[in-house]
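# Reading the structure
This is what each chain is made of:
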Amino acid sequence: MSNLETWRSLLTERDTGEIVTKALVRDVELPGGAGTMALITLDNGFDHTKPNTFGPRGLFALNGALSEIAARTDLAAVGVTGKPFVFAVGADLKGAATMAAREEARAIGALGHHVFRRLGELPIPSFAFVNGAAMGGGLEVALHCTYRTISSGVPAIALPECFLGLVPGWGGTQLLPHLIGPARAIKLIIENPLSQNRILKGAQAFELGVADAMFEPADFLEESLRWAARVLTGDAVVARDSHADNVQDKNVQDKDIWDKDVWDKAVADARFLVDMKLRGASPAPYRALDLISLARTASRDEGFAAEDEALTDLLMGDELRAGLYAFDLVQRRAKRPAGAPDPALARKVTKVGVVGAGLMASQMALLFARRLEVPVVLTDLDESRLGKGVGHVHAEVDKLLAKGRVSADQANRLKGLVTGSLTKDAFADADFVIEAVFEELSVKRQVFAEVEAVVSADCVLATNTSSLSLAEMGAALERPERLVGFHFFNPVAVMPLLEIVKAPATDDATLATAFAVGRTLKKSSVLVKDAPAFVVNRLLTRFMGEVIAAVDEGTPLEVAEHSLDDLGLPMTPFALLQLVGPAVGLHVAETLHAAFPERFGVSANMAKLVASGKPGVYLPDFSLDPEAVALFAGGSAASSAAEVRLRVLRALAEEIRIMLDEGVVAAAQDIDLCMILGAGWPFHLGGITPYLDRSGLAQPRFLPAGTASVPA
């Protein structure tokens, strides 16, 4: 059998539920006498809510279209574009995740290479007209073409494979470095995926050199066709940098024209970054770096074969299944929060009040103003603090203006929306008032008593508490049913999670309003019960408590600090403590100790650290502070790193089981979502509960068998 027949036999005999993306071909007469273009439109027959993807049948459909085009002698060029709003978003990963044999995995990689490379190896030029979202394999289709145009309205350009535990396996690691240079390619292939899967817009991709021309959305295809005609007639010349002279150019044979030192430095710098972030915990970014390094000298056949090998290994690993489970949580469950009431019950919010003018309050005020586009008023006890808070908001707006994130008119409008007042009378016409004052129950109760005295009967009262009881906070309110927890994570503008806390008295209209506001703020909201420290802080405090207890008992701080490095967590335990602040960490530990003294301790050594006034155990140069480390000395029962690791994971498994039994959230998936979005739990581990399941530490399992393998 031929390779194509073998691949067809391996990949299409079983039903994976693939939504087939068709390759619809029509002839277009190009202006200016440039000739006829065969224009392929990728379209799966659905609207933009079901983007084009490539499974085996879709790849064979595109291959068939290219075979028909290759047989013609009357064409000047071939073009590829997508359906409205979508070019293509890559492989059908739901099908890929069910592959059971290496032969299947290798076949899907080889088939993708076989089909896509034909675009760059036809005897006529090929053009990709990227009209909409192009991600993963969708972007790789465009990279195989001779030329590319892009719409300025494209919302998403990315190679997110490393985020999910894969590598760009259909040419991306080999073609992109030669097009835009190794450093820029690494940004798309590795740095952006490891930075919360950062996505580029069309204009940003054009600036990087991914496309040769950019046009406005309204007449994108027409302008792209005109531009293609000018390229074919020689009236438009595509200039590319020396590193992009490029793998598409059949006249270039000497790969040594690319500077080895520059290429090697880009790879080495990226390897250092990946080590800092992951400490070797996730194989995909390292495989991607190896492939990018290889691309400098490898032929197409060699480079694509290496991609096939890497893709095969990674498709067969647990990391992809874990990554897809986590991706499914973020993309689906986060958008349909479990337990959220009917959105129709939400009240309209036309003005927001923020009690307090500190850093957290100022961050919240700016976010409310930017997303809700309503007046926001801050209050505080004196003019100095109030002026500082409002001034911080205005300064942040100036930074946005300087970066081009807002226009001058938008900046002026934002500054006008955020004001300050020394009295809470300014909240009289507010629909939503949130407090961001000191984490002390008596202080918050007093604040809400003062606010309730001036606001309307329907005004929502929200608290940003990270650990305190809402029931106790609202006990003296005349209308406790309008109190809701609205817990942001720091920094407010960056962290995507919002824990929405339902107290026993909270009514559905209040809860619906909170979810509606969270959605407008572009946060992923999770409903949690009014329980001590809710989800993220409760688990992080248990995690920190076990690490600190091991140090208190005599484990060297450096050993305990790095005992969980193999997980690839975003930061080590004591680095996290320094970010949060020892005083805050101690306060939350005391709160949880009062609620659950048998599981949450209060470290006397932590209290010493807080009393010392030190910001943590690290100096500004990130070396350990000997004086701070000495505060934890004195124990005589040291543990090994492996023992500390097991101790921490067992404690987390215990705490999650208790939280699920208590009904803190609707399901284990919500704990996973909170930890991914609020604590940076690594995507490659797939969520904390499936990781503990796989480790055998959750008895019984948190998730049904198979849940973390195939997204629902």
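Scroll up to find the structure this text is about.
Residues numbered from 1 in each chain as written. Predicted model: local features only at pLDDT ≥ 70, side-chain atom pairs only at ≥ 80, totals over all residues. Heavy atoms only, no water.

### Overview of the side chain of Ser224
Note the cut-off: Under the scheme used here, helices are H or I runs from DSSP no shorter than 4 residues and strands are E runs no shorter than 2 residues, and both carry numbers assigned from the N terminus. Pairs of residues are marked as contacts when any of their non-hydrogen atoms sit within 4.5 Å.
Along the chain, the position of Ser224 falls in helix H10 (residues 220-233). With residues up to four places along the chain from it excluded, the contact list for Ser224 reads Phe129, Thr149 and Phe215.

### Points about the pattern of salt bridges
For the record, the criterion: For salt bridges, the criterion is a side-chain nitrogen of Lys or Arg within 4 Å of an Asp or Glu carboxyl oxygen.
Per the counting criterion, the structure on display carries 39 salt bridges. Residues joined by salt bridges that share partners form a network here, namely Arg538, Arg542, Glu546, Glu553, Glu598, Arg599, Arg647, Glu654, Glu655 and Glu662.

### Structural notes on the sheet that holds strand E1 (residues 22-30)
Let me state the cut-off plainly: Being paired, for any two strands, means DSSP has found at least two bridges between them. To obtain each axis, a line is fitted to C-alpha atoms, and for helices this fit is confined to the stretch in contact; angles are then taken between N-to-C directions over 0 to 180 degrees.
Taken together, the six strands give an open sheet; going across it, the order is E1-E2-E3-E5-E7-E9, and neighbouring strands pair in mixed fashion. The sheet is open, and its two edges are formed by E1 and strand E9 (213-215), each paired on a single side. Put simply, the sheet's adjacent strands are angled 25° from each other on average, direction ignored. One ladder, built from four bridges, connects strand E5 (residues 126-130) with strand E7 (residues 147-151); its direction is parallel. Within E7, the position partnered with Ala128 by the bridge is Arg148. Where helix H5 (residues 137-144) meets the sheet, it contacts strand E3 (77-82), E5 and E7, and its direction lies at approximately 145° from that of E5.

### Overview of unusual backbone geometry
The line we're drawing: When accessible area is computed with a 1.4 Å probe and restricted to protein chains, residues below 20% of their type maximum are described as buried, those above 50% as exposed, and intermediate ones as partly exposed.
Residue Asn490 is joined to Pro491 through a cis peptide bond whose omega torsion reads 0°. As for its placement among the helices and strands, Pro491 is situated in the loop between strand E15 (483-487) and strand E16 (497-502). For Arg279, which is not a glycine, the phi torsion comes out positive at approximately 50°. Along the polypeptide, Arg279 turns up in the loop between helix H11 (260-278) and helix H12 (283-295). The exposure class assigned to Arg279 is partly exposed, which follows from its relative accessible area of 28%.

### Digging into a positive patch on the surface
Stated formally: Two distance rules govern patches: like charges are joined within 9 Å, and nonpolar side chains (Val, Leu, Ile, Met, Phe, Trp, Tyr) within 5 Å, applied only to residues with over 30% relative accessible area and no salt bridge. Where accessible areas are quoted, they stem from the Shrake-Rupley method and a 1.4 Å probe; at the residue level, only the protein chains shown are allowed to cover. Charge counting follows a simple rule: Lys and Arg are positive, Asp and Glu are negative, and His as well as the terminal groups are ignored. Taken as the charge centre is NZ of Lys, CZ of Arg, CG of Asp or CD of Glu, depending on the residue.
Together, Lys201, Arg371, Lys403, Arg405 and Lys522 line one region of the surface with positive charge. Tracing the backbone through its elements, the reader meets Lys522 in the loop between helix H20 (508-520) and strand E17 (524-529). Owing to a relative accessible area of 63%, Lys522 belongs among the exposed residues under this scheme.

### Brief notes about the sheet that holds strand E11 (residues 376-379)
Pairing is mixed across the open sheet formed by eight strands, whose spatial order is E12-E11-E10-E13-E14-E15-E16-E17. The open sheet has two edge strands, strand E12 (418-421) and E17, and neither has a second partner. Each strand of the sheet is rotated relative to its neighbour by a mean of 25°, with strand direction disregarded. With three bridges connecting them, E15 and E16 associate as antiparallel partners. Across the sheet, Gly485 pairs through a bridge with Val501, a residue of E16. Relative to the sheet, helix H17 (residues 408-417) contacts E11 and E12, its axis offset from that of E12 by approximately 20°. Together, strand E10 (352-355), strand E13 (432-435), strand E14 (460-463) and E15 form the strand contacts of helix H18 (residues 441-452), whose direction differs from that of E14 by roughly 165°.

### Regarding the packing of aromatic side chains
Put simply, the rule is: Between rings of Phe, Tyr and Trp, where Trp is taken as its six-membered ring, a pair exists when centres lie within 6.5 Å; planes separated by under 30 degrees are stacked, by over 60 edge-to-face, and by other angles tilted. Two thresholds decide whether a charge sits over a ring: the Lys NZ or Arg CZ must be within 6 Å of the ring centre and within 35 degrees of the ring normal.
Counting across every chain of the model gives 14 aromatic pairs. A centroid spacing of 5.4 Å and a plane angle of 85° characterise the contact between Phe486 and Phe488, whose relative ring orientation is edge-to-face. With respect to burial, Phe486 and Phe488 carry one shared label: buried. Taken together through their ring pairs, the aromatic side chains of Phe127, Phe129, Tyr147 and Trp227 make up a single cluster. Sitting above the plane of the Phe46 ring, Lys50 keeps its charged end 5.9 Å from the centroid.

### Focus on the packing of helix H21 (residues 536-552) against helix H27 (residues 641-662)
For any two helices packed against each other, one specifies the crossing angle of their axes together with the interaxial distance. Condition: Any angle that is under 35 degrees is reported as roughly parallel, and any over 145 degrees as roughly antiparallel; angles of 65 to 115 degrees are reported as roughly perpendicular and all others as oblique. Handedness of a crossing is defined here by the sense of rotation of the near helix relative to the far one, left-handed for an anticlockwise turn of less than a right angle and right-handed for a clockwise turn. Residues are grouped as follows: Ala, Val, Leu, Ile, Met, Phe, Trp, Tyr, Cys and Pro are nonpolar; Asp, Glu, Lys and Arg are charged; all remaining types, including Gly, are polar.
Running from N to C, H21 and H27 cross one another at 150°; their axes reach a closest spacing of 9 Å. When the axis of H21 is compared with that of H27, the two are roughly antiparallel. Crossing hand, H21 versus H27: right-handed. Across from Arg538, Leu539, Arg542, Phe543, Glu546, Val547, Ala549 and Ala550 in H21, the residues of H27 making contact are Val644, Arg647, Val648, Ala651, Leu652, Glu654, Glu655, Ile656, Ile658, Met659 and Glu662. Taken together, the residues that form the contact of H21 with H27 break down as twelve nonpolar, no polar and seven charged.

### Let's talk about H18
Applied cut-off: One less than the residue count of a helix, multiplied by 1.5 Å, gives the span that helix is expected to have.
Between its first and last C-alpha, H18 extends 16 Å over twelve residues, near the 16 Å set by a 1.5 Å rise per residue. Next to the buried residues of H18 lie E10, E13, E14, helix H19 (470-473) and E15.

### A look at the side chain of Ser151
One can find Ser151 in strand E7. Ser151 gets classed as buried once you look at its relative accessible area, which sits at 2%. Discounting chain neighbours no more than four positions away, the residues touching Ser151 are Val130, Asn131, Gly202, Met214, Phe215, Glu216, Pro217 and Phe220.

### Some points on the nonpolar core
Inside soluble globular proteins, nonpolar side chains tend to come together where they are buried. Inclusion rule: Only buried Ala, Val, Leu, Ile, Met, Phe, Trp, Tyr and Cys residues count toward a nonpolar core, and they belong to the same one when joined by side-chain atoms within 4.5 Å.
Judged by nonpolar contacts, the single largest core of 165 residues is most densely connected at Leu176, Ile190 and Phe574. Among the elements that take part in this core, H21 stands out by supplying nine residues, more than any other. In this structure Phe574 touches Val547, Ile548, Val551, Leu557, Glu561, Val617, Tyr618 and Phe632, once residues within four positions along its chain are discounted.

### Considerations on empty space enclosed by the protein
Cut-off, in case you're wondering: Only protein atoms enter the 1 Å grid used here, on which a cavity is any set of points holding a 1.4 Å probe that cannot leave and a pocket is any open set flanked by protein within 12 Å on both sides along at least five of seven lines; residues with an atom within 4 Å of a point are listed as lining. Grid points are joined across faces, edges and corners, and a volume is the space filled by probe spheres set on the points.
Inspection of the entire model under this criterion finds six cavities of 30 Å³ or more. If you add up the space inside the largest cavity, you get close to 120 Å³. Here the residues of the lining of the largest cavity are counted per class, giving nine nonpolar, three polar and three charged.

### Remarks on the pairing of E13
What counts, and what does not: With strands facing away from the observer, any crossover in which the path from the first strand over the helix to the second runs clockwise is taken as right-handed.
Residues Phe432 and Ile434 point to one face of E13 and Val433 and Glu435 to the other, with burial holding for every one of them. With four bridges connecting them, E10 and E13 associate as parallel partners. Note on E13: the bridge partner recorded for Gly353 is Val433. When E13 meets E14, the two strands line up parallel, connected through four bridges. Paired with Glu435 across the bridge in E14 is Thr463. In this region the chain leaves E13, passes through H18 and returns to the parallel neighbour E14; the handedness of that crossover is right-handed.

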